Amino acid sequence: MKYLRLKKNTDIQKLFKKGKRAFCGGLSAVYAPSPELKMAVIVSKKHGKAVKRNRVKRLLRQAFFNTCGNIPFACAVALVPKAAESYSLKSFEKWLCGIYKKM
RNA sequence: CGAGUCGGUCAUACGGUCGCGGGCUGCGAGAGCAGCGUGAGGAAAGUCCGAGCAUCGCAGGGCACGGAUGCCUGCUAACGGCAGGAGGAGGCGACUUCAAGGAAAGUGAACAGAAAUAUACCGCGGCAGUUUUGCCGUAAGGGUGGAAUGGCGAGGCAAGAGCUCACCGUCGCUUUGGUAACAAGGCGAGCCAGUUAAACCCCAUCCGAUGCAAGAUUGGGAUAAGGGCUGCGUUCAAUCGCGGGGCUGCCCGUCCGUCCUUAUCCGUUAAUAUCGCUUUAGCUUGCCGGUGACGGCAAGCAUAGAUAGAUGACCGUACACGACAGAACUCGGCUUACAGACCGGUCUCGGAUC
RNA sequence: GCGGGUGUAGUUCAAUGGUAGAACACUAGCCUUCCAAGCUGGUUGCGUGGGUCCGAUUCCCAUCACCCGCU
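Below you will find a few notes about this structure.

**Some remarks on the pairing of strand β5 (residues 75-81)**
Consecutive side chains of a regular strand alternate in pointing toward one face of the sheet and then the other.
Next, step 1: Burial analysis of β5 places six of its seven residues in the buried class, which makes it a mostly covered element.
Next, step 2: Both strand β3 (residues 27-33) and β5 contribute to a ladder of seven bridges, which runs antiparallel. Across the sheet, residue tyrosine 31 finds its bridge partner in β5, namely valine 77.
Next, step 3: Both strand β4 (residues 38-41) and β5 contribute to a ladder of four bridges, which runs parallel. Along β5, the bridge assignment pairs lysine 38 with alanine 76.
Next, step 4: Between the parallel pair β4 and β5, the chain is carried across by helix α2 (residues 50-67), and the sense of this crossover is left-handed.

**Section: α2**
Next, step 1: Over its 18 residues, α2 extends 26 Å from the first C-alpha to the last, a length consistent with the 26 Å expected when each residue adds 1.5 Å.
Next, step 2: Considering only its buried residues, α2 is in contact with β3, β4, β5 and α3 (89-102).

**Topic: α3**
Next, step 1: A rise of 1.5 Å per residue sets the reference length of α3, with its 14 residues, at 20 Å; its end C-alpha atoms lie 20 Å apart and thus fit the reference within 8%.
Next, step 2: Listed as buried for α3 are Phe92, Leu96, Gly98, Ile99 and Tyr100.
Next, step 3: Among the structural elements, β2 (20-24), β3, α2 and β5 are those in contact with the buried residues of α3.

**Some points on the pairing of β3**
Next, step 1: In terms of burial, β3 is a largely internal element, six of the seven residues being buried.
Next, step 2: Pairing of β2 with β3, which is carried by five bridges, proceeds in the antiparallel orientation. For cysteine 24, the partnering residue across the bridge sits in β3 and is leucine 27.
Next, step 3: Linking β2 back to β3 in an antiparallel pair, the connection comprises two residues, with glycine 25 at a positive phi of about 60°.

Scoring rules and cut-offs
- Residues numbered from 1 in each chain as written.
- Chains lettered and ligands numbered in written order.
- Predicted model: local features only at pLDDT ≥ 70, side-chain atom pairs only at ≥ 80, totals over all residues.
- Heavy atoms only, no water.
- Buried < 20%, exposed > 50% of the residue type's maximum accessible area, 1.4 Å probe, protein only.
- Helix = DSSP H or I, 4+ residues; strand = E, 2+ residues; numbered from the N terminus.
- Pairing = 2+ DSSP bridges.
- Right-handed = clockwise from strand over helix to strand, strands pointing away.
- Expected span 1.5 Å × (residues − 1).
- Contact = heavy atoms within 4.5 Å.

In short, shape yes, function no, at least from these values alone.
Next comes the structure, spelled out in structure tokens:
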């Protein structure tokens, strides 16, 4: 299933002001209804240096790509993982499905 | 064979499915779709130096109670880098390592110690007095200290002292070798003054400021607040003088008639578009010159360019089971991190054999 | 990404290369019937690793951590 990147700074600011939040495991999501499915990944510097941050981003994008068929309605989502020592694709997918159920 | 030393190379590989950035080609009005090919490093890191490039300023010049560098010769676009050499230190050795200009321009240097660049505390010796002692000579010994009149031996002396002598060290002059740093030798001076300049300082050389979030192109308006300016005298006159402001910290010099800054609101993607943005001190190979850094010539190659920021997921095979780590304008260095694997040297030491 | 700055006691800050200090905090004693306040005393330190120096918190180099500015 295709999705778009959420890129503009102003859009993200609006999303954080108006959107609802959902949590599952080590992952939190901010979402708001929109005509197209949009996604952004937010990884702060607390996660480590560039290699670690890129690793987290790639895993989260892959997990979202694998599971975004289960999303109940079209919306804009920002995904914020919590800082941890190690990450895995399967746990991200589990947490994403948990978030979709709560939405 | 073992131990070592120096230098270099690589940094999981291959196949399949899905996914991402850029490019080219084709289709399409367009959004986009299809195909082909391509897509992180030796340090991409730290941002410690040096440049390109851009803007500001430009007639530019000078001065720094600004900064950097500091043995010599070369290399380089340049450098605080590199190469070769000199000297000190370490190692049996190959080799490693070193912030290594100047103290006869001046200033400063805790505590301890008698005394730190000027001196006699104890001691040793002479003279006087003899109960303590006083005067003089003395740096051999003690003690203090990081540092105390160059070291050691012999002579000498009242006791001592480069006071005298040999050797070593130091300083001055000179010869030879070397482009030079410097080295070796000769002659002379008994050595009247230490150490510290990663303390101030002096000398020599170099340096305008800011950084691609630089900057360029295209692209609207309204309102409010604050600041600056022509402010004063004079003149027909911005003409002249004073004052004010900009130009690098200051000075000389030079320029200056209507602008600048901030906040809020509406509106197109507008701090988000397009350019800068990747072809250059470029890479590879061969030959030549040079001890070397490096230079020259010839042939071949084109090799990321994102902009919330692209390399991932899964499966299979192999083994050593994969370290440090992710381009953000670009180069040349330096420094720091790093699982391991491999290669080389008219390299070194030890043992064995011939 | 580019530029700049700071590391000192549990906390906030000082200190010219020569024994590292102040305030609050903590703690022991005195005072009080007890607590608070007050008085007297004490404990706790130079981010890390090298170098220069007789001697480094201070000077030099490297490294680590944190903070700020620029869209």
